[in-house]
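Okay, here's what each chain looks like letter by letter:
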Amino acid sequence: MANDQEIHDRLARVEEIIEQLDADECDLDEGTRLHEEGQELLAEVREILDNGRGGVVELE
């Protein structure tokens, strides 16, 4: 369950980053930093899933 929370926390932060970028309220440097942070978080999620430490649940 802890790993599901790890995934959830990272994806929640990615959503925050997307909202910030969509709001167009940051300059190029900040936008670049946010983009890189989002890419790192998504790579961590992929690693968690690839290592079998998390699971994908199908919702009906």
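Residues numbered from 1 in each chain as written. Predicted model: local features only at pLDDT ≥ 70, side-chain atom pairs only at ≥ 80, totals over all residues. Heavy atoms only, no water.

### Concerning the pattern of salt bridges
- Going through the model one piece at a time under the given rule, you end up with 6 salt bridges.
- Across the pair Arg-13 and Glu-37 runs a salt bridge whose closest N-O atoms are separated by 2.8 Å. Here the residue Arg-13 occupies a position in helix α1 (residues 2-23), and Glu-37 occupies one in helix α2 (residues 28-50), the gap between them amounting to 24 residues.
- On the basis of relative accessibility, which here comes to 22%, the residue Arg-13 falls in the partly exposed class.
- Glu-37 gets classed as partly exposed once you look at its relative accessible area, which sits at 22%.
- With its nearest N and O atoms 2.8 Å apart, the salt bridge here joins Arg-33 to Glu-30. Of the two residues, Arg-33 and Glu-30 both sit in helix α2, 3 residues apart, roughly one turn of that helix. (Salt bridge = Lys/Arg side-chain N within 4 Å of Asp/Glu carboxyl O. Helix = DSSP H or I, 4+ residues; strand = E, 2+ residues; numbered from the N terminus. Buried < 20%, exposed > 50% of the residue type's maximum accessible area, 1.4 Å probe, protein only.)

### Some remarks on unusual backbone geometry
- Positive phi is not limited to glycine here, since Asp-24 has a value of about 55 degrees.
- Here Asp-24 lies in the loop between α1 and α2.
- The class of Asp-24 is exposed, set by a relative accessible area of 64%.

Purely geometric stuff here, so don't read any function into it on its own.
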